[in-house]
Number of protein chains: 4
Amino acid sequence: MNVGVIGAGRIGKIHAENLALRLPGVRVYAIADIARSAAEATARQLNIPVVTNDYREVLALPEIEAVVICSATDTHTDIIIAAAQAGKHIFCEKPIDLSLARIDAALAAVEQAHVKLQIGFNRRFDANYRRVRQAISDGEIGTPQRLHIVSRDPQPPPLSYVQVSGGMFVDMTIHDFDMARFLIGAEVEAVYTAAGVLIDPAIGAAGDVDTALIVLKFANGVIGTIDNSRQAVYGYDQRVEVFGSGGVVTTGNNYPNSAVISSGANVYRDLPLNFFLERYMNSYLTEMQAFVAAVREDQAVLVTGQDGRVPVVMGLAARRSYDENRPVRLDEIS
Amino acid sequence: MNVGVIGAGRIGKIHAENLALRLPGVRVYAIADIARSAAEATARQLNIPVVTNDYREVLALPEIEAVVICSATDTHTDIIIAAAQAGKHIFCEKPIDLSLARIDAALAAVEQAHVKLQIGFNRRFDANYRRVRQAISDGEIGTPQRLHIVSRDPQPPPLSYVQVSGGMFVDMTIHDFDMARFLIGAEVEAVYTAAGVLIDPAIGAAGDVDTALIVLKFANGVIGTIDNSRQAVYGYDQRVEVFGSGGVVTTGNNYPNSAVISSGANVYRDLPLNFFLERYMNSYLTEMQAFVAAVREDQAVLVTGQDGRVPVVMGLAARRSYDENRPVRLDEIS
Amino acid sequence: MNVGVIGAGRIGKIHAENLALRLPGVRVYAIADIARSAAEATARQLNIPVVTNDYREVLALPEIEAVVICSATDTHTDIIIAAAQAGKHIFCEKPIDLSLARIDAALAAVEQAHVKLQIGFNRRFDANYRRVRQAISDGEIGTPQRLHIVSRDPQPPPLSYVQVSGGMFVDMTIHDFDMARFLIGAEVEAVYTAAGVLIDPAIGAAGDVDTALIVLKFANGVIGTIDNSRQAVYGYDQRVEVFGSGGVVTTGNNYPNSAVISSGANVYRDLPLNFFLERYMNSYLTEMQAFVAAVREDQAVLVTGQDGRVPVVMGLAARRSYDENRPVRLDEIS
Amino acid sequence: MNVGVIGAGRIGKIHAENLALRLPGVRVYAIADIARSAAEATARQLNIPVVTNDYREVLALPEIEAVVICSATDTHTDIIIAAAQAGKHIFCEKPIDLSLARIDAALAAVEQAHVKLQIGFNRRFDANYRRVRQAISDGEIGTPQRLHIVSRDPQPPPLSYVQVSGGMFVDMTIHDFDMARFLIGAEVEAVYTAAGVLIDPAIGAAGDVDTALIVLKFANGVIGTIDNSRQAVYGYDQRVEVFGSGGVVTTGNNYPNSAVISSGANVYRDLPLNFFLERYMNSYLTEMQAFVAAVREDQAVLVTGQDGRVPVVMGLAARRSYDENRPVRLDEIS
């Protein structure tokens, strides 16, 4: 199976490496980046035969069966539509887009072309979250009643990134919106957002927030909360708790080692893994395995285009709730 | 120091025992309960000389310096006022009352009589919460930004109790409202409540909820959440997390022992302490030590009448928020 | 039930308080200490009517049903014999004595007088160890194969104490020898000791060791280890692990609170409880409850005279093993 | 850098994969196994050009710079000697051999040929143990005084393997002997072994033990213990504790996920990783990175031939101690 990678930035390189080195029978046949030198560097390292600065050249290659889209968000839908029309299966990073109209156009193109589209919500493939999902599915905690997601980054992104990110809710919280749907297995009907700028006034000046608590009201009665911060000084804080009629399941952070030291002053251990590359490295491989398997065996993907669309709606609703200080129903967003 | 105990129910007996057996130099001189036999049973066990079914007889005893009010909530303010007029120092269980007008009358009587009034928010004296407060006071986590309180009971109270309790927000959440103010050291300006009846429809039929998530907006920008359930099948779930600019502090539940067993099936330990009597037993003693010390050394009490009033306001606001599905400012409540 | 306390030192005061304040229906009727002022101080605090510097006066009181012996070790057997002859039930602190001949004389006197004798191995009544024992009894870990006891003090006792203590094995390890027998429910046949002076050369100059690892070979095939140190800078370290054919059970230390703080440097919590008074306070009460119950209900005590004798044999064998650097069978000790 | 892999069994395949897929710039050029089909299967999967059933063909290839020896233990020294004479750098699995004379001959050949030899004690490269070593090196726990290693397999190897393994001490404990030296950074002078057959009588009939406790006396006064079992029903149990004058460091097991579930019955989590392939997978990669770096940069290897020899001496001493039930000095073994 030959794959083309479009976008050779940080996440593009991770996917290219996993495809080239860790997925038997998969070959990265082409790589594109508008910065040709970035594509070339990765191509050299991984023996990728075709390098280009134009993704359309990748789509034109008949050898290629699937593409992995890791370019800038505002290019996603154009590439999805072109790839679908070229008959390529598609893996696309989150978010699909910030415009629901453009998302809908892309999803329509995918449907019409009968190609597969998987969205890069890698955390669904992380061992901790999978175990939580399993606990719910297997009835270990009874009927879910409360969901609490903690999701804090170690430090804010550069201000230049904040300014074009679309805002924390669609850039960062979007992973948590997806996780909420994935874990509970039901849709959210309304959100209420309490948020603020508690870390860096420059983020506020850019029109964004850096701290948020979002309440989710699920159709099945579950009450969810998402606790976001752009800066946890102790590292990447990624935990979840689901409480139900039969019990509660809680995950902790992942640590680089299990050593605990009791000194004369206190009992301590090293900080948790610092950021998403360490924390979720394995999930990037697992999601790509799933995508490759779905294409090869012609099965349904585990994260659909609709799964990519709904969190964008939730992000827009969360922002409106913050702006208007009131609960907002998702069906208000269109 | 001679003390009179008014109300010989579950909590009254705890206070009577602590006063009689574990506080050197303190004597329980009288005990009153409208059910005289309850007062007599406790008196026999603890060698309390005076037994009555009329609290006014206790207040009339010149030997008595202070009273501990553990009677039904709707009798609190009358007894506070009478005790203050009799010149007795007062320890009163929470909530003071469900009517702000009656609370204000009681607080005015206390102020006029120059007696001390301490409210029974015992959790402030629990070792876990004190350590969290200390972490904040000592700057161990920098400036607080997020507070998350988990407070779940092992099972709902009897329906007859639910019907007269004033509702979960003033009966159960009131402890958490106090804890929120105690830990953050600032006032709440507005609340938003998402709640429902997920455990027992009979609770809903009685006009109450059994599951709630309450968002607190503090004056200093902190965003708080309180996570309540009337039924956690694994026992009493009492945890807190405060996240700040310099770190995070988290407490866990208390367990009857530290044994962990790895079997062929999983790794397990016993359930946490089941309910508040086990979990908070020591804090009941510590709060009473503090009250006795405040009286003896004529110092300010650590939980004031105002500390007893504000959580009632918060409870009323939380209910209104739920009823009207909108954020409610505390200054709307009067 | 009237009790006499003989010895008003640290542990004597603990027992007197538990008897006087926390055991309903029990009265401390007399207290003796060769330092009369120590006895008087405790008597004043607890309203003990009779005070003396001569334990024989306590034994002469017909009102007294039982005595609690907390005096110096070298007085234990004389007092036990006299108390037995006076028909009093006896609770005696560990070790009974360092001479097996004197121990045997005391046990014979007890047997002849048909009085009860309970030895103060309080750790058997601690919640953690009881849970381990229960795990074994209930078959939760199958057939035990390995026992590992960690028992470390926060700091060495004064050198003056070391010099008269009889050595670490009969003074400190004796608790662990008892625990080994209690948990495994079988006898030890041989021991091997590796030990040294790693903390304070003065302890070595006094003929004692401060660090030891003792291997226990049980009659039922279990291999035990006891890990002792006179100085753990992080506090009192009291843990146990029992490994069996069906699993493993492990206990941790007890902590003053459950707060865990993640800072920018590491993840930490407060040190465990510092020493035996905090760590085992509750077990002192529970052992005394058991003694009182055994006397009142005329039932067998839970820690017999024989249970007090065997650990002394083990201590002597452990020392001989260290001196001769070879495994020593307990039946070599007489 | 071209590498030849000799032995295509379980561990040979792991090394071949790591070399071929995860070490940039390294190529597996040849693979040998006396079962040619095993070598062919791995060669096919990893695109290894040369396949043979005779390791001498690998050594004859001028393209090859280093060999990785994963064949049966009794072939190690012959291959080491031949490889050294062929001027190849050598990575060899543990144990080098069970005969000290043959080990010495191999080490002499390596020294004479001025090639590098690294022994496959992969656990030195595991994150948990490295952190413990760092705690000691950095002085976080002061001067080490006690070492306790727990090392238990999930189930015994097949009896056919037990019969040719040389016994548990040189087959399984050898890793722990190496770990003891690695962590403490000092040599062991004497050992004492308590052991037995508690799991499977057939192991005893084969002349081996399945349960052991080995006491290590280090030259620097540290007292060590190694706790081995061939069968821990809960999975692979690999923990260590080092106690020192300034504190204690303890590691726990590694788990597949961090989810903890509180049910109505107990609080539980999944079992730890089941065996060494999962538990130590990453350390196999890290040790090979270190070997490749040592060859490329002509630096000293981190696990020397002497590091491979001493644990064999310790294993022989441990067995003699068990046979003769006495402490055995390492210098008794020759």
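Worth saying up front: this structure is predicted, and the values here are computed from it rather than measured.

> Can you explain the relation of the copies chain D and chain A? Please cite residues and give values.
Expressed as a screw transformation, the operator carrying chain D onto chain A has a rotation angle of 180° and an axial translation of 0.0 Å, and the superposed copies differ by an RMSD of 0.0 Å. Both chain copies can therefore be described as sitting about a two-fold axis. If distances are taken from each C-alpha of chain D to the rotation axis, the shortest is found for Leu21(D), at 2.9 Å. Most of the interface of chain D is mirrored in chain A, where 100% of its interface residues again form contacts.

> Quick rundown of the pattern of salt bridges? Include the residues and the values.
Oppositely charged side chains can form a pair if their charged atoms are brought close together. If you walk through the whole model with that rule in mind, you get 109 salt bridges over all chains. We note a salt bridge from Arg124(A) to Asp178(A), for which the minimum N-O separation is 2.7 Å. In this pair, Arg124(A) sits in the loop between β6 (117–119) and α6 (127–137) while Asp178(A) sits in helix α9 (residues 173–184), placing the two residues 54 residues apart along the sequence. Look at Arg124(A) and you get buried, because its relative accessible area is 9%. Linked through salt bridges whose partners overlap, the residues forming this network are Arg146(A), Glu241(A), Arg152(B), Asp227(B), Asp237(B) and Arg239(B).

> Explain the nonpolar core residue by residue, including any values.
By size, the foremost hydrophobic cluster in this structure holds 208 residues, and its most contacted members are Ile90(A) and Ile90(C). Setting aside residues no more than four positions away along its own chain, Ile90(C) makes contact with Val67(C), Ile69(C), Ile80(C), Ala83(C), Ala84(C), Val110(C), Val115(C), Lys116(C), Leu117(C), Gln118(C) and Phe291(C). Counting 207 residues, the second-largest nonpolar core is a separate cluster that includes Leu117(B), Ala83(D), Ile119(D) and Ala135(D).

> How would you summarise the side chain of Asp126(A) if you had to cite specific residues and measurements?
All names here are of chain A. The residue Asp 126 is located in the loop between β6 and α6 in this model. Of note is the side chain of Asp 126, whose polar atom sits 2.8 Å from the side chain of Arg 279. Once residues within four sequence positions are removed from consideration, Asp 126 is found in contact with Arg 279, Tyr 280 and Ser 283.

> So what's going on with the interface of chain B and chain A? Residues and values would help.
Across the contact, 33 residues belong to chain B and 33 residues belong to chain A. Buried area between chain B and chain A, both sides added, is near 2,700 Å², and the carbon and sulfur share of it is 63%. As a salt-bridge pair, Glu241(B) and Arg239(A) come within 2.9 Å of each other at their nearest N and O atoms. Taken together, the connections running from chain B to chain A amount to 13 residue pairs in polar contact (both at pLDDT 80 or more).

> Please give an account of the relation of the copies chain B and chain A that cites residues and values.
Expressed as a screw transformation, the operator carrying chain B onto chain A has a rotation angle of 180° and an axial translation of 0.0 Å, and the superposed copies differ by an RMSD of 0.0 Å. In this assembly, 100% of the residues forming the interface of chain B have copies in chain A that are likewise at the interface, indicating an isologous arrangement.

> Which residues make up the interface of chain D and chain A, and what values do they have?
Across the contact, 27 residues belong to chain D and 27 residues belong to chain A. Of the roughly 1,900 Å² buried where chain D meets chain A, counting both sides, 46% is carbon and sulfur surface. Of all residues in chain D, the largest losses of buried area upon contact with chain A belong to Arg131(D), Ser258(D) and Ile261(D), amounting jointly to 26% of the total for that side. Across the pair Arg131(A) and Asp270(D) runs a salt bridge whose closest N-O atoms are separated by 2.7 Å. Among the residues making up the side of chain D that touches chain A, the classes are represented as 11 nonpolar, 12 polar and 4 charged.

> Could you give an account of the sheet that holds strand β3 (residues 50–52) of chain D, with specific residues and numbers?
All names here are of chain D. Here 6 strands make up an open sheet; going across it, the order is β3-β2-β1-β4-β5-β6 and the pairing parallel. The open sheet has two edge strands with one neighbour each: β3 and β6 (117–119). Averaged over all pairs of adjacent strands, the angle between strand axes in this sheet comes to 20°, irrespective of strand direction. Two strands pair when backbone bridges link them, and strand β1 (residues 2–6) and strand β2 (residues 27–32) are joined in this way by 5 bridges, in the parallel orientation. If you follow Ile 6 over to β2, its bridge partner there is Ala 32. Helix α12 (residues 281–296) rests against β4 (66–69), β5 (89–92) and β6 of the sheet, and its axis sits at about 165° to β5.

> Residues and numbers for the side chain of Ser283(D), please.
Residues and elements named next belong to chain D. As for its placement among the helices and strands, Ser 283 is situated in helix α12. Given a relative accessible area of 2%, Ser 283 falls into the buried group. Ser 283 has contacts with Asn 122, Phe 125 and Asp 126, leaving out every residue within four places of it along the chain.

> Run through the packing of aromatic side chains, naming residues and quoting values.
A complete count under the given rule lists 26 aromatic pairs over all chains for this structure. With centroids separated by 4.8 Å and ring planes inclined at 85°, the aromatic side chains of Phe275(A) and Phe276(A) adopt a geometry described as edge-to-face. Across the pair, Phe276(A) and Phe275(A) agree in class, each one buried. Among the aromatic residues, those joined into a ring-pair cluster are Tyr129(A), Tyr236(A), Phe275(A), Phe276(A) and Tyr280(A). Arg56(C) extends its terminal NZ or CZ atom over the ring of Tyr55(C), reaching a point 5.9 Å from the ring centre. Seen from the ring of Phe243(D), Arg152(C) lies directly overhead, with NZ or CZ sitting 4.1 Å from the centre.

> I'd love a proper account of the pairing of β4(D), names of residues and values included.
On a regular strand, each side chain points to the face opposite its neighbour's, so the side chains alternate between the two faces of the sheet. All names here are of chain D. Taking every second residue as pointing to the same face, both faces of β4 are buried, with Ala 66 and Val 68 on one and Val 67 and Ile 69 on the other. As paired strands, β4 and β5 are joined by 4 bridges and run parallel to one another. Across the sheet, the residue bridging to Val 67 is Ile 90, located in β5. Traced from β4 through helix α4 (residues 76–85) to β5, the parallel crossover comes out right-handed.

> Lay out the sheet that holds strand β2 (residues 27–32) of chain A in plain terms, naming residues and giving numbers.
All names here are of chain A. The strand order across the open sheet formed by 6 strands is β3-β2-β1-β4-β5-β6, and the pairing between neighbours is parallel. Both outer strands of the open sheet, β3 (50–52) and β6, are each paired with one neighbouring strand and no more. In this sheet, adjacent strand axes meet at a mean angle of 20° when their direction is disregarded. The pairing of strand β1 (residues 2–6) with strand β4 (residues 66–69) spans 4 bridges and is parallel. Within β4, the residue paired with Gly 4 across the bridge is Val 67. Across the sheet, helix α2 (residues 36–46) is in contact with β2 and β3; its angle to β3 comes to roughly 165°. The sheet contacts of helix α4 (residues 76–85) involve β1, β4, β5 (89–92) and β6, and relative to β5 the element is tilted by about 165°.

About the thresholds
- Residues numbered from 1 in each chain as written.
- Chains lettered and ligands numbered in written order.
- Predicted model: local features only at pLDDT ≥ 70, side-chain atom pairs only at ≥ 80, totals over all residues.
- Heavy atoms only, no water.
- Least-squares fit on C-alpha atoms with pLDDT ≥ 70 in both.
- Contact = heavy atoms within 4.5 Å.
- Salt bridge = Lys/Arg side-chain N within 4 Å of Asp/Glu carboxyl O.
- Helix = DSSP H or I, 4+ residues; strand = E, 2+ residues; numbered from the N terminus.
- Buried < 20%, exposed > 50% of the residue type's maximum accessible area, 1.4 Å probe, protein only.
- Core = buried A, V, L, I, M, F, W, Y, C linked by side-chain atoms within 4.5 Å.
- Polar contact = N/O pair within 3.5 Å; in protein donor to acceptor, adjacent residues only side chain to side chain.
- Buried area = accessible area lost by both parts, 1.4 Å probe.
- Nonpolar A, V, L, I, M, F, W, Y, C, P; charged D, E, K, R; others polar.
- Pairing = 2+ DSSP bridges.
- Axes fitted to C-alpha atoms, helices over the stretch in contact; angles between N-to-C directions.
- Phe/Tyr/Trp six-rings, centres within 6.5 Å; stacked < 30°, edge-to-face > 60°.
- Lys NZ or Arg CZ within 6 Å of the ring centre and 35° of its normal.
- Right-handed = clockwise from strand over helix to strand, strands pointing away.

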